[in-house]
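# Topology and contacts: notes
Each chain, letter by letter, is given below.
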Amino acid sequence: MDIPSSPGKFKEKRTKWHKTLPKLTFWSILFCGVIYFLFFRTPSSFSSDARRSLRTYTYGGAAWENKVISSARVASKNGVSVLVTGAAGFVGSHVSIALKRRGDGVLGLDNFNDYYDPSLKRGRQALLERTGVFIVEGDINDAALLKKLFDIVPFTHVMHLAAQAGVRYAMQNPGSYVHSNIAGFVNLLEVCKAVDPQPAIVWASSSSVYGLNTKVPFSEKDRTDQPASLYAATKKAGEEIAHTYNHIYGLSLTGLRFFTVYGPWGRPDMAYFFFTKDILKGKPIPIFEAANHGTVARDFTYIDDIVRGCLGALDTAEKSTGSGGKKTGPAQLRVFNLGNTSPVPVNNLVTILEKLLKVKAKRNIMRLPRNGDVQFTHANISYAKKEFGYKPTTNLETGLKNFVRWYLNYYSAGKKADE
Ligand SMILES: NC(=O)c1ccc[n+]([C@@H]2O[C@H](COP(=O)([O-])OP(=O)(O)OC[C@H]3O[C@@H](n4cnc5c(N)ncnc54)[C@H](O)[C@@H]3O)[C@@H](O)[C@H]2O)c1
Ligand SMILES: *[C@@H]1O[C@H](CO)[C@@H](O)[C@H](O)[C@H]1NC(C)=O
């Protein structure tokens, strides 16, 4: 049985294998039972994961279908119907709300995994519910579920944002990256190529594909064959897989290379988020520097700018050309940088946070470890500007102000920032 992966926990849990033989026998029998259960239960054609498959996602039934239909109903004249994967995620929730607000039909899909505090995903889900967006609880590896959704709604577009994110966590749980970013993406494309009409697909790649490149700013035409993390390698693989499905099946595919997205409802595993948490707690924060005290800097991009970029890419996506699983003509294939074009040293980020939080940070200067993070990112965004007028307008001070306001409000309402 092929079990390539499992969903993540942000913090690693160690299992102590106890010494006694009877216990081992017990666990072996239990394990066989689980395998047996999975074999007959799992609808997935690619992969399954014990922990996740054991959670029963209940879908189907008239009430459930009605929710799907009403969520995906197009409200404006020129609206489109979009399946948003990763809708309970940071970027996915913001994009879903923006699409719904302008009158598009939106249906979310998310497996609510516990890579980071799932209550944050539930909070975003509640927000989406209030806007009229329903999130189906399921995995992008579940082909039967995806087919069912396309049976109910002939989506014109897929905004594919579900993924295993994070650079460092790839050393702890490499399988989760293969599961979501490779197997899951292929499964989604298999379903998309087979349905009629085929949707156009916009999906999230990452600036991390530029890897060890030192030429800045990063342009789409630069080499991307030296990833510095497994995360980056799976995103690069995604770009190559996209090429294949475009070439063979005529799927219209647009990849977006996001540069360090931040903002309200952000991801707790990202530096600006846990810096905020730790500064407030009086805990020292690690600030990385490169060799010879080299500055580590990021092209931080505010979520609203990213959302506008996502919508611009969606609105300029051409139709797929395949039919009945076969290509009938050349289809659109694009990759765009979505960044802010002004890299900020991480030290400056901390200074801004100190001002906003009115608390002095305890800076712990450390050498940048060689486990995936690169020293510098800087986007050349002229291609996205040319194709759909992409123009980021939020500087880091303004964006962080919005983030901090949200953070203080969200976590003072009785919720803890700990997992
Ligand atoms: N936030 C950034 O700075 C950044 C930068 C570059 C690229 N990206 C990419 O943008 C996309 C969105 O990122 P984000 O920051 O919103 O991350 P996120 O983790 O908040 O959102 C991803 C969502 O996908 C869901 N998901 C993961 N695997 C799934 C699966 N197999 N089936 C169904 N749902 C699944 C998760 O539960 C999560 O809610 C991802 O593809 C990420 O790799 C993000
Ligand atoms: C940015 O990319 C465009 C191509 O999209 C290229 O023509 C231009 O020279 C690049 N600018 C820089 C400063 O590298």
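Described below are features of the structure shown in this document. From a predicted model like this one, the values you see are computed outputs, not experimental measurements.

Below, the discussion takes up helix H5 (residues 118–131). Each α-helix winds once per 3.6 residues, and so residues spaced three or four apart point in a common direction. If you check H5, its first and last C-alpha atoms are 20 Å apart, about what 14 residues at 1.5 Å a residue would give, namely 20 Å. Taken residue by residue, H5 has Leu-120, Lys-121, Arg-124, Gln-125 and Leu-128 as its buried positions. Each buried residue of H5 lies within a common arc of 145 degrees when the element is viewed along its axis, so the set occupies one face. Every exposed residue of H5 that faces more than 90 degrees away from the buried side is listed here: Ser-119, Ala-126 and Arg-130. Looking at the buried residues of H5, the elements they touch are helix H4 (90–101), strand E2 (105–110) and strand E3 (134–137). Immediately beyond the C-terminal end of H5, within one or two residues, lies Gly-132, with a positive phi of roughly 95 degrees.

Now for the site of ligand 1. Every one of the 27 residues lining ligand 1 counts as a neighbour, but Gly-86, Gly-89, Phe-90, Ala-163 and Ala-204 are closest to it. If one sorts the elements of the shell around ligand 1 by residue count, H4 sits on top with three residues.

For strand E5 (residues 200–206), the tally of buried residues reaches seven of seven residues, placing the bulk of the element in the interior. The alternating pattern of E5 places Ala-200, Val-202, Ala-204 and Ser-206 on one face and Ile-201, Trp-203 and Ser-205 on the opposite face, and all of these are buried. Note: strand E4 (residues 157–160) against E5, four bridges, orientation parallel. When the sheet's bridge partners are listed, His-157 is paired in E5 with Ala-200. With six bridges connecting them, E5 and strand E6 (residues 253–258) associate as parallel partners. Residue pairing for E6: Ala-204 is matched across the bridge by Leu-256. After leaving E5, the chain enters helix H8 (residues 230–249) and then returns to the sheet as E6, a path that is right-handed.

Cut-offs used in this document
- Residues numbered from 1 in each chain as written.
- Chains lettered and ligands numbered in written order.
- Predicted model: local features only at pLDDT ≥ 70, side-chain atom pairs only at ≥ 80, totals over all residues.
- Helix = DSSP H or I, 4+ residues; strand = E, 2+ residues; numbered from the N terminus.
- Expected span 1.5 Å × (residues − 1).
- Buried ≥ 20, exposed ≤ 12 C-beta atoms within 10 Å, placed from the backbone.
- Arc of directions from axis to C-beta.
- Contact = placed C-beta atoms within 7 Å.
- Near = placed C-beta within 6 Å.
- Pairing = 2+ DSSP bridges.
- Right-handed = clockwise from strand over helix to strand, strands pointing away.

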